[in-house]
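# Notes for the structure review
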Amino acid sequence: PLLYCILVLYESLDNIGWRRGDVRAGGIAALLSLFVAVAILLVLLFVFPQFADTYRLPGIVEGSFLCFVLYESVLVGGVVLLYEVFFRGLVQLLWLRNAWWGILVSSGLFAGLLSAGDGLSWQVVPLALLAPFAGYIAYRSQSLWYSFAAGWFFLFLADVLILSLR
């Protein structure tokens, strides 16, 4: 998406949220979104016990703290960055020009992508839950960095919570 934006569209990376944005709005939106998303996740974990039982991380990650930290830092962080650049940056901020309904469209596209893979399962619930909140954060801040940081932290918390409930 970054090269597409520069080489094909001749757009500045600022237009896909590759900028500082509104620090106050981004911080408030991120904290509020994290609070609500974690609350929803906790409700799902306690109402549907099979969620924690069927949600899996790679075996080596579950057995080694160092591997868990590397997995969360490198793989999860990289995946969140890719999702943010494409769904929030390219789709929501650039193509849809950050209209409020862009949150719904980008979240809908993301849910469609998730369901096209293995179908909707407990494994994709944290990502699907994160999508509208990340869209809201990007919408309020006009930046990918706040939604990226909140998304990465939320998925880290989700993995820690789910592992601790087993």
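Computed from a predicted structure; not experimentally measured. (Residues numbered from 1 in each chain as written. Predicted model: local features only at pLDDT ≥ 70, side-chain atom pairs only at ≥ 80, totals over all residues. Heavy atoms only, no water.)

Along the backbone of the protein chain there are eight helices and zero strands. Counting helices and strands in the order they occur from the N terminus, the protein chain gives α-α-α-α-α-α-α-α. The C-alpha atoms of the protein chain give 16 Å as radius of gyration, which agrees with the globular expectation for 166 residues (15 Å, within 12%). The dimensions of the protein chain, computed from C-alpha atoms along their principal axes, are 50 × 30 × 25 Å. Counting only residues that meet the buried cut, the protein chain has 42% of its 166 residues in that class. A separation threshold of at least 6 residues defines the contact pool for the protein chain, and within that pool the share at least 24 residues apart is 78%. (Helix = DSSP H or I, 4+ residues; strand = E, 2+ residues; numbered from the N terminus. Rg over C-alpha atoms; globule rule 2.2 N^0.38 Å. Buried < 20%, exposed > 50% of the residue type's maximum accessible area, 1.4 Å probe, protein only. Contact = heavy atoms within 4.5 Å.)

Now for the packing of aromatic side chains. Considering all chains together, one arrives at 10 aromatic pairs under this definition. Ring geometry for F51 against W122: centres 4.9 Å apart, planes inclined by 25°, an arrangement best described as stacked. Residue F51 is found in helix α3 (residues 49-54), and its partner W122 is found in the loop between α6 (101-117) and α7 (125-141); the two are separated by 71 residues along the sequence. In this structure F51 comes out as buried when scored by relative accessible area, which is 0%. Taken together, the ring pairs connect F48, F51, Y55 and W122 into an aromatic cluster. (Phe/Tyr/Trp six-rings, centres within 6.5 Å; stacked < 30°, edge-to-face > 60°.)

Next up on the list: the confidence of the model for the protein chain. Residues at a pLDDT of 70 or more form 97% of the protein chain, whose mean pLDDT is 89. For the protein chain, the element scoring lowest by mean pLDDT is helix α1 (residues 2-8), at 73; helix α2 (residues 23-47) scores highest, at 97. (pLDDT = per-residue confidence, 0-100.)

Further remarks concern α6. Helix length check: α6, at 17 residues, gives a terminal C-alpha distance of 25 Å against a target of 24 Å (1.5 Å per residue), a fit within 8%. The complete set of buried residues in α6 reads G102, I103, S106, S107, F110 and L114. All buried residues of α6 lie within an arc of 125° about the axis, which places them on one face of the element. Summarising the geometry of α6, the exposed residues directed more than 90 degrees from the buried face are L104 and A116. The secondary structure elements touched by the buried residues of α6 are α5 (65-95) and α7. (Expected span 1.5 Å × (residues − 1). Arc of directions from axis to C-beta.)

Below, the discussion takes up a nonpolar patch on the surface. Side chains of L3, Y4, I6, L7, V8, F86 and W95 sit close together on the surface and give an oily, nonpolar patch of about 690 Å² of accessible area. Elements with a minimum of two residues in the nonpolar patch: α1 and α5. At five residues, the largest contribution of residues to the nonpolar patch is made by α1. Positionally, L7 belongs in helix α1. (Patch = residues over 30% accessible without salt bridge, like charges linked within 9 Å, V, L, I, M, F, W, Y side chains within 5 Å. Areas by Shrake-Rupley, 256 points an atom, 1.4 Å probe, with all protein chains shown as cover. Salt bridge = Lys/Arg side-chain N within 4 Å of Asp/Glu carboxyl O.)

For the rest of this paragraph, the subject is unusual backbone geometry. Trans is the prevailing form of peptide bonds, just as negative phi is the prevailing case for residues other than glycine. Unusually for a residue other than glycine, Q142 sits at a positive phi of about 60°. Mapped onto the elements of the fold, Q142 is located in the loop between α7 and α8 (144-164).

Remark: α5 packs on α6, axes separated minimally by 9 Å, with the N-to-C direction vectors making an angle of 140°. With respect to α6, the axis of α5 lies oblique. Crossing of α5 against α6: the hand is right-handed. Listed contacts from α6 to Y83, F87, R88, V91 and Q92 of α5 are G102, I103, S106, L109, F110 and L113. Residues belonging to the contact of α5 with α6 are distributed by class as follows: seven nonpolar, three polar and one charged. (Axes fitted to C-alpha atoms, helices over the stretch in contact; angles between N-to-C directions. Parallel < 35°, antiparallel > 145°, perpendicular 65-115°, else oblique. Left-handed = near helix turned anticlockwise from the far one by under 90°. Nonpolar A, V, L, I, M, F, W, Y, C, P; charged D, E, K, R; others polar.)

To continue, consider the pattern of salt bridges. Tallied over the full model, the rule gives one salt bridge. Put simply, R88 and E84 hold a salt bridge, and the shortest N to O gap is 3.1 Å. You can see R88 and its partner E84 sitting in helix α5, four residues apart, about one turn around the helix. Accessibility classification places R88 together with E84 in one group, the buried group.

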